[in-house]
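# Remarks on the overall topology
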Amino acid sequence: MMSPEKMPHTPEVKTTPERVLEEAGKEAEAKKERLSPEEIEVRVTELADLSAARPEVSKHVRETWGGLTKKEREELKAKGEEAVIAHLESLKIDPELREFEESTLAETDGRIKELASHPDVLAAYKDRFETLKGTLAKVLAFDHLQKELHAAENTEQKLRLFYEQYGRSPGPIGRKKLEGLANRVTELKGELQGFELDEATIDMLRRREIRGMQRDLARYSFAETESRTELIREVLPDLMQGAPVLFQGETGSGKTQLAKYISQKHLGKEPAVISVSEQIKESQILGTRGLEAGETIFKYSEFVKAQKEGRPVILDEVNLMPHEFAGILHDFLQKRVGDVWTHPVTGEQITITAPIMATANLKSERYKQRYELDVATLRRFIGGAGAREIHYLDINKKDKGGGYIAPETLKILGSVLADRHGNIEWNEADAPQKMDELKRFVSACRKIQEDFTLSIRESGEETLARTDRLAFRELVITLKDQIEIMKAWKAGGFREPLQQVILREFFRKAEISGRAAKDRENMARVFIANKFFKDTKPEDFKIQGLAAQSLRQWQGKE
Amino acid sequence: MPFEAYKLYQEYEPDKYKTSTQKKAEGVLKEVDEMKRAQGKETVSGIEFQEARELLGEDLIGPEEIEKTWGVRPEEIPDIPFSREELERAKEMGQMLVLRVDRTEDGKPMSMEAMNTILAKRWEKEKKGGLLNTAEGWRDKVTGSKDFSEVAPRAGWALISKELLKDSTSKNYIEQTDVIIKALREQAFKDIEMPEEYEEAIREFEVNKDRLTKLMGENWQQAAKELAELKITQITRQSIQETIYDLALYYDKNGKRLLLNVYTWSNSRSTDGRLVDLGDFGARGVLDFGWTPAYRYGDLGVLLSRRL
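Read on for a plain summary of the structure. As the structure is a computational prediction, the values presented were derived from the model and not from experiment. (Residues numbered from 1 in each chain as written. Chains lettered and ligands numbered in written order. Predicted model: local features only at pLDDT ≥ 70, side-chain atom pairs only at ≥ 80, totals over all residues. Heavy atoms only, no water.)

## Topic: the nonpolar core
Membership of the largest hydrophobic core comes to 60 residues, with the highest contact counts inside it found for W426, L438, F441, M486, I502, F507 and F527 of chain A. When residues of this core are traced back to their parent elements, those giving at least two are α8 (199–220), α16 (407–417), α17 (431–458), α19 (479–491), α20 (498–507), α21 (515–529) and α23 (548–554) of chain A. If you tally residues by element for this core, the top one is α17 of chain A, at 10 residues. When residues no more than four places from it in sequence are discounted, the contact partners of F507 of chain A are I502, R520, M523, A524, F527, F533, F541, K542 and I543 of chain A. If you look at the next biggest cluster of nonpolar residues, it comprises 49 residues, including L60, I80, A158 and Y245 of chain B. (Core = buried A, V, L, I, M, F, W, Y, C linked by side-chain atoms within 4.5 Å. Buried < 20%, exposed > 50% of the residue type's maximum accessible area, 1.4 Å probe, protein only. Helix = DSSP H or I, 4+ residues; strand = E, 2+ residues; numbered from the N terminus. Contact = heavy atoms within 4.5 Å.)

## Observations regarding the packing of aromatic side chains
Residues and elements named next belong to chain A. The tally for this structure, following the rule as stated, stands at 30 aromatic pairs over all chains. Residues F507 and F541 carry aromatic rings whose centres are separated by 5.4 Å and whose planes lie at 80° to one another, so their mutual orientation is edge-to-face. With a gap of 34 residues between them, F507 in helix α20 and F541 in helix α22 (residues 538–541) connect regions that are remote in the sequence. Look at F541 and you get buried, because its relative accessible area is 0%. Between the aromatic rings of F533 and F541, the centroid separation amounts to 5.1 Å while the plane-to-plane angle is 80°, which identifies the pairing as edge-to-face. F533 gets classed as buried once you look at its relative accessible area, which sits at 0%. (Phe/Tyr/Trp six-rings, centres within 6.5 Å; stacked < 30°, edge-to-face > 60°.)

## Topic: the interface of chain B and chain A
Taken together, the contact between chain B and chain A spans 31 residues of the former and 40 residues of the latter. The three residues of chain B that bury the most area against chain A are F3, L8 and Y17 of chain B, which together make up 24% of that side's buried surface. Taken together, the links from chain B to chain A amount to seven salt bridges. Notably, a salt bridge pairs K439 of chain A with E11 of chain B, separated by 3.1 Å at the nearest N-O pair. Where chain B packs against chain A, one counts 10 residue pairs in polar contact (both at pLDDT 80 or more). If you list the elements that add at least two residues to the side of chain B that touches chain A, you get β1 (3–4), α1 (20–38), α2 (46–56) and α4 (84–92) of chain B. Split into classes, the residues belonging to the side of chain B that touches chain A amount to 12 nonpolar, three polar and 16 charged. As paired strands, strand β10 (residues 423–424) of chain A and β1 of chain B are joined by two bridges and run antiparallel to one another. Its bridge partner being in β1 of chain B, I424 of chain A is matched across the sheet by F3 of chain B. (Buried area = accessible area lost by both parts, 1.4 Å probe. Salt bridge = Lys/Arg side-chain N within 4 Å of Asp/Glu carboxyl O. Polar contact = N/O pair within 3.5 Å; in protein donor to acceptor, adjacent residues only side chain to side chain. Nonpolar A, V, L, I, M, F, W, Y, C, P; charged D, E, K, R; others polar. Pairing = 2+ DSSP bridges.)

## Some remarks on the packing of helix α2 (residues 37–64) of chain A against helix α5 (residues 95–116) of chain A
The angle between the axes and the distance between the axes are what describe a pair of packed helices. Residues and elements named next belong to chain A. The N-to-C vectors of α2 and α5 enclose an angle of 155°; their axes lie 9 Å apart at closest approach. With respect to α5, the element α2 is oriented roughly antiparallel. Pair α2 / α5 crosses with left-handed handedness. Across from R43, E46, L47, L50, S51, R54, V57, S58, H60, V61 and T64 in α2, the residues of α5 making contact are L97, R98, E101, E102, T104, L105, T108, D109, R111, I112, L115 and A116. The residue makeup of the contact of α2 with α5, split by class, is nine nonpolar, six polar and eight charged. (Axes fitted to C-alpha atoms, helices over the stretch in contact; angles between N-to-C directions. Parallel < 35°, antiparallel > 145°, perpendicular 65-115°, else oblique. Left-handed = near helix turned anticlockwise from the far one by under 90°.)

As C-alpha cells, then:
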C-alpha cells in the first residue's frame, strides 16, 4: 500500500451543505430533535444525493441565463427589471424554463439547508465526505501509478525502437537510462500489484472511467476503449515523428473519428479534414490564385494551411484520390517532422511539424479494383506509422466458452446511458429486464455488423446463402446509430420499451427503397431473431416492399 | 437504488481491478498449488479455480464472495469436483458454480436464521431489500424453529441453473423429476460419462415411479416423504437453505435477482409434510409455499442443482 506521505493531496474544501448554509448566513442549529442513527443515515444519504446533484442544477440555471454566473446575475438584476428582460430576450430563452430551473435550485438549496441545519446530520455528512476524500486519494494514487507505468513503458519502447531502427547501440549513458527505465517499470508494476484496493476504491475507479468516457464522447464524439487504446499506443510514437498512418475499415467503423480524436486529444491540435473524392481538384490540394486589392495572390488550401500551422491533416477516403496527385501525396507521405516541403507554385519552404492521417473504406470486390489504394501509396503508409485495419468494436470477440460478447460496446453504451455519477436510472425491479433488452440490442447490432463485414469481403450471394448470414449491401447499424438510440431511450426516462425507440429512431427516420430497403428488411429480421418486434406490423417499419407474409414468418406466426 | 453502469460489462474484465482479499485468495491458492507440486501431487484447485473463474466470470461464486456476503473465510477451499468439460457444459446450460459453506464466522450453522441475521442490516442500509419474506413466516409456517436455526446448506461446490429448467413448469413433482433426468442425459452428461451415483439414482426413481404416482393420489403425505428422500431428489434439487444461500450470494455479488417471478420446487418438506417451493425473489425477499406433490402451476418449475 502506498504510504500516506505519497498519497496525493486532496485540498481541504468546505462541503456543499456547509457552503449553502454559509451563503444563507446560517449555521447548524443547536440540536432540536433527537434522531436515531438510522434516521441520521437516511438524512445523510438524501443530503449526499442533493449535494451531488446541485452542481448540475446550478449549471442549468447558469445556462438559462446565457452563461451568467451568480454574481453576474445579481449585478444584472441590480440594474433593474428592464435590463433583465432585455438580456433574456436577446438570448431567446424560454422564461418558463428559466423559472423552472431557478425554482429547482432554490428548492434544492432549501432542502439542503433544512437537512444540514441539524448538527448531527451535518457531522455525519462531513464524516462520509472525509471517507470519500480518502477513497478519492487512493483512486488518484492508483491512477497516477498507472499513468506513470504507461509513460515509462512507452518511453522505453520508443527508445529501444529508435536504436533498433537506426542500427545503433546505446552508449554507456544511454544504456544506463534504458536500464533505469526498465527498473522503474518493474518497480511500478510491483507497486500496482501491491496496491490495496478495496470495494469502494474499485467502485470509484470504475465510475471515473465511465465519466471519462462521457467527457470524451461529449468533446470528441469518441470514447477510448481497450482495443482503441492499444492501437493508439502503437501508432502514437511514429505519429509524433510525423510518420503517416492509414486507417482502413468498413463504413461507420469510426476511422475518421479515431483520427480526429488522436489529433485533438493526443497531439493537441485541431486537424484539417480533407474529404477526398474522384472530383478533387489541384486547387483543393495546393491552393488557388486570386486577386486582392488589385494584386495577384496565392491562397493556400486547407491542406497547405494546416501544414504551415503544424496541424495534422486527415485525408478522408484517400483511396479515391485521382492518380495525377499521387506524386504530391507520395512526396508528403515521405516527410517527417523537421523535413522541409517546397510548395510547387509559390516555392515557399514549409517545415513539417505534424503528420498526415488517412482513412480508406474497405470496398467490396465489385469496387475493389477501381478504388483500392495503389501499392506505392500503401507502401509509404506501411513505412510510416502503418496501414491499420479498423473494424467494428468487439467484432469476432468471444468468451472462453465460445459465446459472443461485446464488452467495449457495452462500456460505451453504458456511459451514454449513465448520469454523471455513473448510474443508470433503472429501478431495481426493472434493471434485469432493461439489461436483457440492452444486451439483445447489442447482440442484434453485432450480428448486422458482422454480416455486413462479410458481405463486403465476400460479396458473392452464393457464399452468403450457404450460411446463416444475411447480405447487407449498403446499410449497417454503426456505433453512432446505437449511441443515438441509447440517448433517445434515456431521454424518455426508459419508460418506452427499447424496441419502440429502435423503431422510431432507426427504422422510421428514413424510408429507403431499392437495395437499401432489402438491407433494412434484413435488419428487421435480425432484431426479430433477438426477440424484438414480435407483434410489430409491416407498415410500422416503413420499409418499402416489406411483405407481410415474410414478416409473419420471421415472427414465428406462420 | 440506481443501477451502476459498469455492471453492464464488469464481468468481462475480471482482472482489471482486484481487491486485497482477492489478491490474497489468489496468493493462497498459488501457494497451495506450489506445495502440491512440490509434493508431487496433481494440482486440482488452483489452476482449475482460475480457469473456472475465467470461464464462468460472474457465475462463479467462490471464497471472496462468501467472505464479502457472509463474513466468513473458509479455512479450506475444497477442490472443484467438476472437469473443464463439465463446466463448459454448465456454462452452455446457464448454470453458476457456487461454493457453499455450512458454518458462520462464529462456528454456528449457516442456517436460514443466520443468513437472514447476517444480511438484514447491511441490505437494508444498501437498499437491497430483504432476504426472507418473511422470516417469521418461514420459521413459523414452513421449517419450524429448529430447522430454521439449525439446518445449513450442504458444504462444497455445486452447479446450479440460474433459470428454471426448460419445460419444467406446469408439472407435478414426478413429472419435474422426469425433466431433470432428461436434462442430465441430454445436456449435462451428453457425451460425458454419467457418474454411477446418478445412474443408480435414476434407476431407483424409475423402479418406483409408477408406484409413487399412484401413491400421490392415495396418500400425498407418504408420497411427499418418499419423493423427498429419493436419491435423485437429493442429488439434483436444492434444499430450501441451499436455494436461499445461492440466491443471496448471486444477488449480493451481481445485483441480479434469480427466481424473480417464478418458483423452484426444493427437496425440503414443510412442517405439515408438503414439498416446499420457493422463489418470487423481489425486494421483500424469498417467498415460500408448500404443495402436495401432485400440484402443477405455470410459475412453478425446478432448478437443476448438482454437487458431483
